[in-house]
Amino acid sequence: RAAPARVEPQLTVERTRSRSSAAGDPQRVLSSVEAGGSVAHDVKVQRLQTLLRSMADTEAPVAPTEPAGPSPYEEKAPYYAKRIELFEKYFEREGAKVEEAKSKNEPIKVVMPDGAIKEGIKFVTSPWDIAMGIHKKLAQGSLLAHVDGQDWDMRRPLEGDCSLKLFGFDDPEGKELYWHSSAHVLGEALELEYGADLTIGPSIEEGFYYDCFLGERTLSASETDGIQKRMEAIIKEKQPFQRIVVSRAEALEMFQENKFKVELISNLPEDATISCYRCGPMVDLCRGPHLPDTAWIKTVSVNQCSRAHWRADVTKDPLVRVYAVTFPDKKLMAEYKLRIEEAKKRDHRLIGLNQELFFFHTLSPGSCFFLPQGAKIYNKLMEFIREKYWEYEYDEVITPNVYNFDLWKTSGHAAHYKENMFSFDVEKAEFGLKPMNCPGHCVMFGNRKRSFRELPMRLADFGVLHRNEFSGALHGLTRVRRFQQDDAHIFCRQDQMEKELAAFVKMLDEIYEVFGLTYEMKLSTRPEGYLGELETWNKAEAALEAALNGTGKEWKLNPGDGAFYGPKIDITVFDALKRRFQCATVQLDFQLPIRFNLSYVSEANEPERPIIIHRAILGSVERMFAILTEHFAGKWPFWLSPRQVMIVPISEQSRDYAHEVRSVLRKEGFYCEVDDSDRKMQKKVREAQLEQWNYILVVGEGEKTNRTVNIRTRDNVVHGEHKLEEGLLETLLEERRTKSLTCLFGVEKSAAAAAEKAAADAAAKAAAVEAAAEAQ
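## Observations regarding helix α21 (residues 621-631)
Alright, step 1. Counting buried positions along α21 gives ten out of eleven residues, so the element sits mostly inside the fold.
Alright, step 2. Every buried residue of α21 is accounted for by Val621, Glu622, Met624, Phe625, Ala626, Ile627, Leu628, Thr629, Glu630 and His631.
Alright, step 3. Taking the backbone nitrogen of Glu622 as reference, a side-chain oxygen 3.2 Å away marks Ser620 as the first, capping residue of α21.
Alright, step 4. Looking at the residues trailing α21, positive phi occurs at Ala633, about 55°.

Shown next, in the form of structure tokens:
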């Protein structure tokens, strides 16, 4: 009999909410509930209290709720259902083919990387079966197979005799597959949550993203949790990844309501064979391969949402980009999150603001304003490269920033790069700001007749470059519109290529060693659509290979990935957080000399075509500035630091001596200042350390009398009292000259202590030997 009494107050509330007279007096309704209440219903009463208080805060009557329309997912549900229906139809067709092939029971031989041969059955045995036959752990750790060099799903049956190689998550190929499969899970979550029209979802350096169309809607950071929970639910369902192969017409029918997929499919040839993958209710165009099922994904983090545009074109449909990352175990995810937190602290945009190095302004998007302290670093980087140019006998040149577009027509940039250039009319002729230096250097080489004796000609140029990047692609100093490069072009003979390339690789190694950067190199060879003579390509690739072998370092082959005009070495840099960056490049070019009709007179007095070597080490100075800011975490090494020495006088009496010390250091070109504010000495030292001054020199009456300084570092390591000229100045000059990454104060003491210990150890060893001899 008590239950109906509990229902009635709820009905009363609903009726009351629609009447303005009761909305002004919610306590009356609350009293009616509490009058016949019991402890068992306290929770309901508390909920009702909350509801009524919210009613009390609103004087106006609450309007009746309009019936909600269908959700975006419900609107798309018929399309998704039709897509699944077609997929299942074609999947059944694929299965029938496999069953027919199985019935023949044809044996196959599978050759492993070590030469071992495994037996199998055509269209029955899969890479997973082969791995399981070797060891269960091998199968569990294998994500991807290469079958005769072709990517292959682990559970996809083999179709004949083949070679087989397996890859796990520790391999780049395994990571790419793992994150691409995870991108499909993200795509499914976006369809289920928002009825999204999916576009592309690639794996990236660490993780993956999916671009989707949501109409006028955007996603914010607050919605990442909901997407992540949806992905986690999909993962728990252990949805298998299923593959089909369809014709172009069948693919168009399957994705007919997604205009982005239709555009992608329509750009394929009529007779194209297209593969699609399904997980759960989501079907996507994809060449694969993929994980066996979603349960292989053990942990997921949806990191951010941002805006993008279809085809990276701001004039096309706006998209929402969702970034995420997954891992096969929670430990890797924890390590990743630690790296991300550290990366946030090291963000060059944050450090640039805090250290007053640079800023950007809406009046010139993508063009950096370098403040005095930032300009010091920028100029030091270029000074360093100029030192190397002198050592390796490069000649620096200065070329125009603005050219008539006839130059870009000759070079080919007008046809292939114009959308990335800033162009304008001058006296009815079209001109453009240069996006690179090579065409100008070709004009310089062709300015007069050249002799073989002038080669190699090494032209270096720090000219300002402009590229019309989309505003949405701009990102701090790593993606800008205005920048400078340590750009140089070597005009040489074929027989000079190897020597020039070896010298470049040596120079690159010396520069990166100074920065404390590690790197890897890949040789990218002749692509299918190459231009030029095969013999020339073979010589060029041999020269690049010889240069790489000469380094004594490991390198990888990247077959078929060279440019159409010449092979190249791709150089990837790793910073302190082991993140990868593309900075340096060295590329051979056989086509630009032809386009500009360049030649030199050979020893046989005949015209010969030179070869151009495009090369850079820093790449964009702005980009390298950003990388080094994050690599050093704003703790610049002394030679590169814009804040080298802060002098702190203890009292008014030592202020004049502090300024004298500053004059001595400034005379030698060191960046130094005196903090002669009225703050306490300890406060001055702490402020200097926070501002990342490399050295803080404390001076008082004793130091003034002895003509010394008391030295400590920004990390609060105290090196004690040193003579101004003999101790301080000599060490600072040496630290700058050697471009040391570490403090040189105390090095002598450490070396002496090490030598003393080594001598003591040697004496002890000799005594032990002597004692043993006497005992015998």
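## A short note on the layout of surface pockets
Alright, step 1. Taken as a whole, the second largest pocket spans an internal volume of roughly 1,300 Å³.
Alright, step 2. In terms of lining residues, the second largest pocket is bounded by 40 residues, among which Tyr417, Met436, Arg467, Gln485 and Tyr565 are the most central.
Alright, step 3. When residues of the lining of the second largest pocket are assigned to their parent elements, the largest contribution, six residues, is made by strand β27 (residues 580-589).
Alright, step 4. Partitioned by chemical class, the residues of the lining of the second largest pocket number 14 nonpolar, 16 polar and ten charged.

## Section: unusual backbone geometry
Alright, step 1. Here the residue pair Gly288 and Pro289 is connected by a cis peptide bond, since its omega of -5° sits within 30 degrees of zero.
Alright, step 2. Within the secondary structure, Pro289 sits in the loop between β11 (282-285) and β12 (299-309).
Alright, step 3. A cis amide bond links Leu455 to the next residue, Pro456, at an omega of 0°.
Alright, step 4. Positionally, Pro456 belongs in the loop between α17 (438-445) and β20 (457-461).
Alright, step 5. Within the chain, Phe123 stands out as a residue other than glycine whose phi angle is a positive 65°.

## Considering the packing of aromatic side chains
Alright, step 1. The final tally for this structure, using the stated rule, is 34 aromatic pairs.
Alright, step 2. Ring plane angle 75° and centroid distance 6.0 Å describe the contact between Trp128 and Trp296, whose orientation is recorded as edge-to-face. Of this pair, Trp128 sits in helix α6 (residues 127-134) while Trp296 sits in the loop between β11 and β12, and the two are 168 residues apart along the sequence. Comparing Trp128 with Trp296 shows no difference in burial state: the two are buried.
Alright, step 3. Each residue in the set Phe358, Phe360, Phe370, Tyr378, Phe625, Phe632 and Trp636 is aromatic and connected to the rest through ring pairs, giving one cluster.
Alright, step 4. Above the plane of the ring of Trp128 lies Arg155, whose end atom (NZ or CZ) is 4.0 Å from the centre.

## Points about the packing of helix α14 (residues 372-391) against α21
Alright, step 1. The geometry of α14 relative to α21 is characterised by a closest axis approach of 11 Å and an angle of 110° between their N-to-C directions. As far as their axial angle goes, α21 and α14 are roughly perpendicular. Pair α14 / α21 crosses with right-handed handedness. Side by side, α14 and α21 meet where Gly374, Ile377, Tyr378, Leu381 and Met382 of the first sit next to Val621, Glu622, Phe625 and Leu628 of the second.
Alright, step 2. Partitioning the contact of α14 with α21 into residue classes produces seven nonpolar, one polar and one charged.

## A look at the pattern of salt bridges
Alright, step 1. Enumeration according to the criterion identifies 48 salt bridges in this entry.
Alright, step 2. Here Asp317 ties to Lys259 by a salt bridge, and the two come within 3.0 Å at their closest N and O atoms. Of the two residues, Asp317 is situated in the loop between β12 and β13 (318-327) and Lys259 in helix α11 (residues 259-266); the sequence distance between them amounts to 58 residues.
Alright, step 3. Here Lys259 falls in the partly exposed class, since its relative accessible area comes to 45%.
Alright, step 4. Across the salt bridge formed by Lys261 and Asp284, the nearest N and O atoms sit 2.6 Å from each other. Residue Lys261 is found in helix α11, and its partner Asp284 is found in strand β11; the two are separated by 23 residues along the sequence. Like Lys261, the residue Asp284 is buried in the burial classification.
Alright, step 5. Connected through salt bridges with shared partners, the residues Lys388, Glu391, Lys506 and Glu510 form a single ionic network.

## So, the pairing of strand β24 (residues 518-524)
Alright, step 1. The element β24 is largely enclosed, with a buried count of five among its seven residues.
Alright, step 2. In this structure, β24 lies alongside strand β26 (residues 568-574), joined through seven bridges in antiparallel fashion. Following the sheet pairing, Met521 is matched in β26 by Ile571.
Alright, step 3. The sheet contact formed by β24 and strand β25 (residues 555-558) spans four bridges and is parallel. Bridging across to β25, Leu523 finds its partner in Leu557.
Alright, step 4. The parallel pair β24 and β25, bridged by helix α19 (residues 534-550), forms a crossover whose chirality is right-handed.

Cut-off values and rules
- Residues numbered from 1 in each chain as written.
- Predicted model: local features only at pLDDT ≥ 70, side-chain atom pairs only at ≥ 80, totals over all residues.
- Heavy atoms only, no water.
- Buried < 20%, exposed > 50% of the residue type's maximum accessible area, 1.4 Å probe, protein only.
- Helix = DSSP H or I, 4+ residues; strand = E, 2+ residues; numbered from the N terminus.
- Polar contact = N/O pair within 3.5 Å; in protein donor to acceptor, adjacent residues only side chain to side chain.
- 1 Å grid on protein atoms, 1.4 Å probe; cavity = no way out; pocket = protein on both sides within 12 Å on 5 of 7 lines; lining within 4 Å.
- Points joined across faces, edges and corners; volume = space filled by probe spheres on them.
- Nonpolar A, V, L, I, M, F, W, Y, C, P; charged D, E, K, R; others polar.
- Phe/Tyr/Trp six-rings, centres within 6.5 Å; stacked < 30°, edge-to-face > 60°.
- Lys NZ or Arg CZ within 6 Å of the ring centre and 35° of its normal.
- Axes fitted to C-alpha atoms, helices over the stretch in contact; angles between N-to-C directions.
- Parallel < 35°, antiparallel > 145°, perpendicular 65-115°, else oblique.
- Left-handed = near helix turned anticlockwise from the far one by under 90°.
- Contact = heavy atoms within 4.5 Å.
- Salt bridge = Lys/Arg side-chain N within 4 Å of Asp/Glu carboxyl O.
- Pairing = 2+ DSSP bridges.
- Right-handed = clockwise from strand over helix to strand, strands pointing away.

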